[in-house]
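Here's the letter readout for the chains.
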Amino acid sequence: MVAVNKTVHSGLQAADFHKVIDGKEISLCLLTNRVGAELAVTNYGAKIVALMVPDKTGRFTDVVTGHSSIDDYLTSEEPYFGAICGRYANRIANGRFTLDGTVYELARNNGPNSLHGGVKGFNAVVWDMRQHGSNTVELAYVSADGEEGFPGTLTTTVTYTLTDDSEVVITCHAVTDKPTALNLTNHSYFNLSGTGNPNIYDHLLTINADCYLPTDETSIPLGAPEKVEGTPMDFRKPHEVGARIRDDFEQLIIGRGYDHTYILNKKEGEMAFAARCMSPKTGIVMEVYTTEPGMQLYTGNWMTGNLVGKHGQRYPQHSALCFETQHFPNSPNRPDYPTTVLRPGERFDSQTVFGFPEIH
């Protein structure tokens with residue numbers, strides 16, 4: 001296992017992440033680059049714990065929410081902070097899908113639906129972790145046939161790389177020995193004004209999408225995409241996240257904010273621009289590129305401020321936003337959506353980049 005002896009900027013302590021869970025040792029890994037940026041990762045849930053990037057004054061700023069210890073992660077009311085979600089990120093309607101004529105029953109852990117892989121998804125398992133040099137860490141997990149109701153033994157590898165250009169490159173690979181449904185994403189919660197800042201309303205957001213998927217009251221897509229044009233869902237040009245978040249618009253009322261899949265303007269499998277976000281307070285810019293067909297924008301609508309985060313921080317409603325690059329919710333039950341079926345002999349490949357351009 002990999003453990004970091006000290007951190008330069010984040011203030012995290014390696015000893016606070018030492019624990020044995022499911023017979024495996026938890027630890028903390030630190031990646032650094034030439035400009036001093038830091039990425040801290042734990043093998044519990046393959047979670048990004050901290051991401052330190054320079055602001056317009058050169059001060060290093062932590063732009064992701066999280067906790068200062070493994071014990072806090074184990075009891076957190078936000079179990080997906082920074083995690084890899086799977087086997088199926090997002091929701092499957094009624095916790096059920098049919099594949100090759102067989103019906104598979106899943107845990108209904110989000111109202112009537114299955115969310116982010118079930119009761120104990122990839123966010124709550126211990127991954128094997130190995131660091132490669134100062135800027136790359138590889139995490140691996142073997143999910144047994146039938147785990148959380150999903151068929152097939154699935155072997156998944158996730159690699160985090162912090163480049164010298166301050167890009168966080170997330171690469172996912174997976175293979176299976178039986179046909180299965182698979183949808184992976186990283187669920188980091190970002191606040192570019194610095195984690196602990198009370199909201200993200202002033203963040204300027206652009207999303208490269210002409211259409212999105214409206215949902216029902218349980219966040220399951222209704223079906224066909226709808227155009228963003230003429231609605232508060234339109235981020236094709238930069239808009240403040242908070243400017244329309246409380247508009248009298250049914251989709252925003254249902255979700256208490258944005259919690260929707262945007263259908264990205266790109267070809268299948270192409271690495272392409274997905275989103276750009278900027279904090280006017282810090283000047284920090286984040287750009288998202290992905291091979292995935294969609295991106296779930298989530299604005300921390302159910303965060304309460306009750307939990308204590310890193311260094312005593314509180315995270316109230318709308319104090320962070322997520323860019324969950326992924327396939328579409330409920331795809332196993334929607335043959336009209338891009339397929340999420342992985343079969344033996346195939347390999348799932350996905351890559352997402354969270355880039356932080358140098359501020360001039």
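Residues numbered from 1 in each chain as written. Predicted model: local features only at pLDDT ≥ 70, side-chain atom pairs only at ≥ 80, totals over all residues. Heavy atoms only, no water.

*Asks:* Would you explain the environment of Val228 in this entry?
*Replies:* By secondary structure assignment, the location of Val228 is in the loop between strand S21 (226-227) and strand S22 (239-240). A relative accessible area of 0% means that Val228 is categorised as buried. When the C-alpha atoms of Val228 and Cys211 are compared, they prove to be 5.3 Å apart, with 17 residues separating the residues in sequence. Contact partners of Val228, with chain neighbours within four places excluded, come to Ala209, Asp210, Cys211, Tyr212, Met233, Asp234, Arg236 and Tyr262. (Helix = DSSP H or I, 4+ residues; strand = E, 2+ residues; numbered from the N terminus. Buried < 20%, exposed > 50% of the residue type's maximum accessible area, 1.4 Å probe, protein only. Contact = heavy atoms within 4.5 Å.)

*Asks:* Would you take a moment to explain the pairing of strand S26 (residues 294-298) for this structure?
*Replies:* Residues in a regular strand project their side chains so that they alternate between the two faces of the sheet. Most of S26 is tucked away: five of the five residues are buried. Of the two faces of S26, the one holding Gly294, Gln296 and Tyr298 and the one holding Met295 and Leu297 are both buried throughout. Bridge count for strand S23 (residues 259-264) against S26 is five bridges, and the pairing is antiparallel. Bridge pairing links Thr261 to Gln296 in S26. In terms of strand pairing, S26 meets strand S27 (residues 321-326) through five bridges, oriented antiparallel. In the strand pairing of S27, Leu297 is matched with Phe323. (Pairing = 2+ DSSP bridges.)

*Asks:* Would you take a moment to explain the confidence of the model for the protein chain for this structure?
*Replies:* Residues with a pLDDT of 70 or more make up 98% of the protein chain, whose mean pLDDT is 96. Confidence over residues 1-5 falls short of pLDDT 50; this stretch has 18 contacts with residues more than four positions distant or in other chains. (pLDDT = per-residue confidence, 0-100.)

*Asks:* Please explain the sheet that holds strand S3 (residues 28-32) as it appears in this structure.
*Replies:* Each strand in a sheet pairs with another by means of backbone hydrogen bonds, the pair being arranged parallel or else antiparallel. One open sheet accounts for four strands, arranged S3-S4-S5-S6; its pairing is antiparallel. Looking along the sheet, the strands with just one partner apiece sit at the ends: S3 and strand S6 (60-62). Direction aside, neighbouring strands of the sheet carry axes that sit 20 degrees apart on average. Relative to strand S4 (residues 38-42), S3 runs antiparallel, the two sharing five bridges. In the strand pairing of S4, Thr32 is matched with Glu38. (Axes fitted to C-alpha atoms, helices over the stretch in contact; angles between N-to-C directions.)

*Asks:* Help me understand the nonpolar core in this model?
*Replies:* Across soluble globular proteins, nonpolar side chains show a tendency to be buried alongside one another. In this structure, Tyr160, Ile207, Tyr262, Phe323 and Phe356 are the most contacted members of the largest nonpolar core, which totals 59 residues. Ile21, Phe81, Ala124 and Met303 belong to the second largest nonpolar core, which has 21 residues in total. (Core = buried A, V, L, I, M, F, W, Y, C linked by side-chain atoms within 4.5 Å.)

*Asks:* Explain the packing of aromatic side chains to me, please; I cannot follow it from the model alone.
*Replies:* The geometry of an aromatic ring pair comes down to the distance between the two centres and the angle between the two planes. Tallied over the entire structure, the rule returns 15 aromatic pairs. Considering the side-chain rings of Trp127 and Tyr141, the 5.8 Å spacing of their centres and the 45 degrees angle between planes classify their relative orientation as tilted. Highlighted residues: Trp127 in the loop between strand S11 (114-115) and strand S12 (128-132) and Tyr141 in strand S13 (residues 136-143), separated in sequence by 14 residues. For Trp127, a relative accessible area of 0% corresponds to the buried category. Every member of this aromatic cluster is reached through a ring pair, and the members are Phe81, Tyr189, Tyr298 and Tyr315. The ring of Phe235 carries the charged tip of Arg244 above its face, separated from the ring centre by 4.9 Å. Of note, Arg256 hangs over the ring of Trp302, and the distance from its end group to the ring centre comes to 4.3 Å. (Phe/Tyr/Trp six-rings, centres within 6.5 Å; stacked < 30°, edge-to-face > 60°. Lys NZ or Arg CZ within 6 Å of the ring centre and 35° of its normal.)

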